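# Coordinate inspection notes
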Amino acid sequence: MTKLNLSLPGLDLKNPIMPASGCFGFGKEFSEFYDLSELGAIIIKAATGETRYGNPTPRVAETSAGMLNAIGLQNPGVDRIISDELPYLSNYDTPVIANVAGSTVEEYVEVAEKISQSSTIKALELNISCPNVKEGGVQFGTDAALAAEVTRQVKQASEVPVYVKLSPNVTDIVGMAKAVEKAGADGLSMINTLTGMRLDLQRRKPIIANQTGGLSGPAIKPIAIRMIYQVYQEVDLPIIGMGGIETVDDIIEFLFAGASAVAVGSANFKNPFICKELIDQFPEAMERYGFDQVEEMIGGAHR
Amino acid sequence: MMIREEMEIISHERIAEDTYRMVLLGDLPAEIKQPGQFVHILIDQSDSLRRPISIADADPAKGTLTILYKILGKGTAALSKMQSGDHLDVLGPGGNGFLIDSISAERALLVGGGIGVPPLYYLARQLKEKGIEVTTVLGFQHEASVFFEEEFRELGEVFVTTNDGSYGNKGFVTDILPDLDGRFDTYFSCGPAVMLKAVSEKLDGYEGYLSIEERLGCGVGACFACVVQAPEGDAKGYRKICHDGPVFRTGEVIL
Ligand SMILES: Cc1cc2nc3c(=O)[nH]c(=O)nc-3n(C[C@H](O)[C@H](O)[C@H](O)COP(=O)(O)OP(=O)(O)OC[C@H]3O[C@@H](n4cnc5c(N)ncnc54)[C@H](O)[C@@H]3O)c2cc1C
Ligand SMILES: Cc1cc2nc3c(=O)[nH]c(=O)nc-3n(C[C@H](O)[C@H](O)[C@H](O)COP(=O)(O)O)c2cc1C
Ligand code: FES
């Protein structure tokens with residue numbers, strides 16, 4: 001019998017596969033396609049202190065082996081997420097992880113404090129890595145001292161474990177991971193998108209109204225694998241890995257690099273059934289590589 | 001309900017300059033709620049995004065639906081190379097179309113521009129079936145890009161405009177509208193954003209429904225790629241084109 005389940009801080013996962021933040025809304029739309037209880041967990045769309053309307057459109061563009069997005073953290077604000085979105089998710093037997101964003105440390109703390117009190121939320125994913133907003137977001141994710149500070153304060157405010165979502169837009173990913181580890185993070189989530197741009201050749205202008213957007217999809221997978229591999233060697237925190245996952249072999253590559261669980265983002269747009277299909281196919285893939293427990297696969301490339 | 005299936009291409013032909021008609025067969029047509037909904041097509045498995053294309057006609061009993069599309073970029077160019085017998089990865093039907101069951105129109109005006117014409121055809125057929133009189137204004141760039149004039153003529157009176165005057169009336173669809181005053185009570189329009197804006201300004205005061213385009217991500221309402229702002233005072237402040245639309249009542253969103 002293959003054993004797919006594992007425990008991470010705050011999270012009892014049936015399997016290590018979950019949708020990534022911003023690519024699954026608050027779950028409702030996908031519940032038309034399959035039973036959300038099959039998922040290892042659900043990471044919901046970013047929450048900020050107030051309602052945000054996000055960036056002008058176009059907000060997405062296709063690229064070679066990926067896509068750019070600049071949604072700009074559009075969300076109804078933490079209070080309405082708690083009152084309007086979480087009750088629906090509590091109907092499912094799967095842990096929900098809240099993605100927490102803000103422009104100031106105070107805003108991060110406010111959101112973390114409020115949303116972590118909901119019994120539906122089992123962990124926070126601290127989003128210090130959104131490249132698509134003018135202030136906040138990625139500046140916290142590219143400066144180790146700021147990242148440590150926001151982690152420390154959110155940790156204090158939160159009732160549940162905190163996974164810090166790292167930005168790949170840095171030269172020293174290990175330094176960032178160590179800084180948030182020292183500040184008390186319970187886990188890491190990596191990677192967020194890489195800042196990119198595409199031009200419309202007719203108009204000679206960026207396709208995305210925000211000009212730059214975050215690159216996701218298979219194009220960024222080698223970067224994610226490299227970063228997780230390096231961080232796993234130096235840091236003692238569980239990692240939720242993401243970046244371009246489309247197949248069960250991709251998942252195994254993330255686990256071998258050092259991820260304990262994985263999140264699937266943009267691939268949900270191509271195939272809304274992808275998470276369920278990967279979960280169904282995963283046991284057979286584990287056996288193919290000679291494993292019967294997920295736990296044994298984590299960090300497999302380092303032994 | 002939206003489903004994902006490999007639909008079979010049962011016919012595929014060029015009908016105007018860079019413009020094609022494709023008929024697809026499968027279970028999906030049985031799920032169509034109204035005209036104005038779209039299908040979200042993964043043209044090549046290596047693409048990262050699907051392409052939204054309106055349902056131009058459907059026969060749920062036979063399991064067929066028709067799409068009309070124009071070659072614009074990489075995806076639609078690849079689509080034009082596919083042949084009868086090939087299969088296509090289709091997700092749909094998506095969004096909310098023209099809510100014809102709750103509309104009290106007696107005489108409808110349809111205004112389509114370019115590749116915005118397709119969803120109006122399925123709409124026109126259903127309006128006609130309900131006994132509603134249909135008048136259509138179709139705008140194209142030039143003679144070679146004109147399509148479906150005959151098909152619409154079978155359902156009512158048709159006016160065609162071309163930008164350069166090479167066919168029909170020279171000018172824009174909005175040039176025809178003053179002549180039609182008093183001949184309709186409700187209008188339906190689909191086309192480029194500038195045209196929709198001009199049409200809704202010209203027809204201010206009439207009940208109107210507009211089908212809007214934007215670049216989509218998920219196409220199912222989850223990613224916020226496709227939002228359009230709602231007027232001040234709206235509780236939510238925005239609408240998702242893929243999920244709340246693509247059809248909106250005039251005034252529901254800011255063009
Ligand atoms: C609800 C809806 C219904 C539509 N119905 C039709 C139809 O019936 N017939 C038709 O020919 N076209 C229709 N379109 C436009 C059609 O989706 C685009 O022409 C098509 O996606 C272009 O793809 P491409 O790969 O050829 O172009 P590329 O420029 O190579 O596409 C790159 C990316 O941009 C997106 N994109 C580019 N232009 C548009 C656009 N105008 N609208 C939306 N996305 C765009 C593509 O989907 C793709 O993700 C519709 C759009 C929407 C939103
Ligand atoms: C449209 C879109 C919206 C996203 N929104 C968020 C978000 O709100 N918060 C966040 O932490 N990450 C967000 N992300 C990043 C993803 O969660 C993920 O880290 C990234 O896309 C890499 O995974 P992928 O290649 O599987 O998409 C978003 C990504 C996309 C494509
Ligand atoms: S395209 Fe994703 S919400 Fe509309």
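Above this text sits the structure in question.
Now for a look at the structure at hand.

Definitions and limits used
Residues numbered from 1 in each chain as written. Chains lettered and ligands numbered in written order. Predicted model: local features only at pLDDT ≥ 70, side-chain atom pairs only at ≥ 80, totals over all residues. Heavy atoms only, no water. Phe/Tyr/Trp six-rings, centres within 6.5 Å; stacked < 30°, edge-to-face > 60°. Helix = DSSP H or I, 4+ residues; strand = E, 2+ residues; numbered from the N terminus. Buried < 20%, exposed > 50% of the residue type's maximum accessible area, 1.4 Å probe, protein only. Lys NZ or Arg CZ within 6 Å of the ring centre and 35° of its normal. Pairing = 2+ DSSP bridges. Axes fitted to C-alpha atoms, helices over the stretch in contact; angles between N-to-C directions. Near = heavy atom within 4 Å. Polar contact = N/O pair within 3.5 Å; in protein donor to acceptor, adjacent residues only side chain to side chain. 1 Å grid on protein atoms, 1.4 Å probe; cavity = no way out; pocket = protein on both sides within 12 Å on 5 of 7 lines; lining within 4 Å. Sits in = over half its atoms within 2 Å of the grid points. Nonpolar A, V, L, I, M, F, W, Y, C, P; charged D, E, K, R; others polar. Contact = heavy atoms within 4.5 Å. Buried area = accessible area lost by both parts, 1.4 Å probe. Salt bridge = Lys/Arg side-chain N within 4 Å of Asp/Glu carboxyl O.

For the rest of this paragraph, the subject is the packing of aromatic side chains. Residue and element names in this part refer to chain B. Using the criterion set out here, one finds 15 aromatic pairs over all chains in the structure. Summarising the aromatic geometry, the rings of Phe-98 and Phe-188 are spaced 5.7 Å apart at their centres and angled 80 degrees between planes, so their arrangement reads as edge-to-face. On the criterion of sequence distance, the pair formed by Phe-98 in the loop between β7 (87-94) and β8 (107-113) and Phe-188 in strand β12 (residues 186-190) is long-range, its members being 90 residues apart. Judged on exposure class, the residue Phe-98 and its partner Phe-188 are both buried. Aromatic side chains Phe-188 and Tyr-209 sit 5.6 Å apart centroid to centroid with 20 degrees between the ring planes, which places their arrangement in the stacked category. Within this pair, whereas Phe-188 is found in strand β12, its partner Tyr-209 is found in strand β13 (residues 207-211), the two being separated by 21 residues in sequence. Residue Tyr-209 is classed as buried on the basis of its relative accessible area, which comes to 9%. Put simply, the rings of Tyr-121, Phe-140, Phe-147, Phe-148 and Phe-152 touch in pairs and so form one group of aromatic residues. It is Lys-236 that lies over the ring of Tyr-238; its NZ or CZ is 5.3 Å from the centre.

Residue and element names in this part refer to chain A. Taking strand neighbours across the sheet as the criterion, the 4 strands line up as β5-β6-β14-β11 in an open arrangement whose pairing is antiparallel. Lying at the two open borders of the sheet, with one neighbouring strand each, are β5 (60-63) and β11 (194-196). Averaged over neighbouring strand pairs, the angle between their axes works out to 35 degrees when direction is ignored. Here strand β6 (residues 66-69) runs beside strand β14 (residues 213-216); their pairing, made up of 3 bridges, is antiparallel. Looking at the pairing, Met-67 lines up with Ser-216 of β14.

This brings us to the site of ligand 2. Residue and element names in this part refer to chain A. Ligand 2 sits among 23 residues. The nearest are Ser-21, Lys-165, Gly-217, Gly-244 and Ser-266. Within the side chain of Lys-45, an N or O atom sits 3.2 Å from an oxygen atom of ligand 2. In the model, an oxygen atom of ligand 2 is placed 2.8 Å from a nitrogen or oxygen of the Gly-217 main chain. Of the pockets mapped on this structure, ligand 2 occupies the largest cavity. Across the shell around ligand 2, the residue classes tally to 8 nonpolar, 13 polar and 2 charged.

Strands pair in a sheet through their backbones, by hydrogen bonds, and they do so in one of two ways: parallel or antiparallel. Residue and element names in this part refer to chain B. Ordered in space as β11-β10-β9-β8-β12-β13-β16, the 7 strands form an open sheet in which the pairing is mixed. Both edges of this open sheet fall to β11 (169-170) and β16 (247-249), since each of them pairs with a single strand only. Taken together, the 2 bridges between strand β10 (residues 156-162) and β11 define a ladder with parallel strand orientation. Across the sheet, residue Thr-162 finds its bridge partner in β11, namely Lys-170. Most of the contacts of helix α2 (residues 118-129) go to β8, to which it runs at about 170 degrees, and overall it touches β8, β9 (133-140) and β12. Helix α5 (residues 193-202) contacts β8, β12 and β13 of the sheet and is inclined by roughly 165 degrees relative to β12.

Attention now goes to the interface of chain A and chain B. Each partner contributes residues to the interface: chain A has 29 residues there, and chain B has 31 residues. Of all residues in chain A, Glu-62, Phe-269 and Lys-270 of chain A give up the largest surface area on contact with chain B, accounting jointly for 27% of the area buried on that side. For the pair chain A and chain B, the interface holds 4 salt bridges. For the salt bridge of Arg-4 of chain B with Glu-277 of chain A, the shortest nitrogen-to-oxygen distance reads 3.7 Å. Remark: the boundary between chain A and chain B carries 11 residue pairs in polar contact (both at pLDDT 80 or more). Of all elements in the fold, only β5, β6 and α8 (267-270) of chain A reach the threshold of two or more residues within the side of chain A that touches chain B. A class-by-class count of the residues in the side of chain A that touches chain B yields 14 nonpolar, 7 polar and 8 charged.

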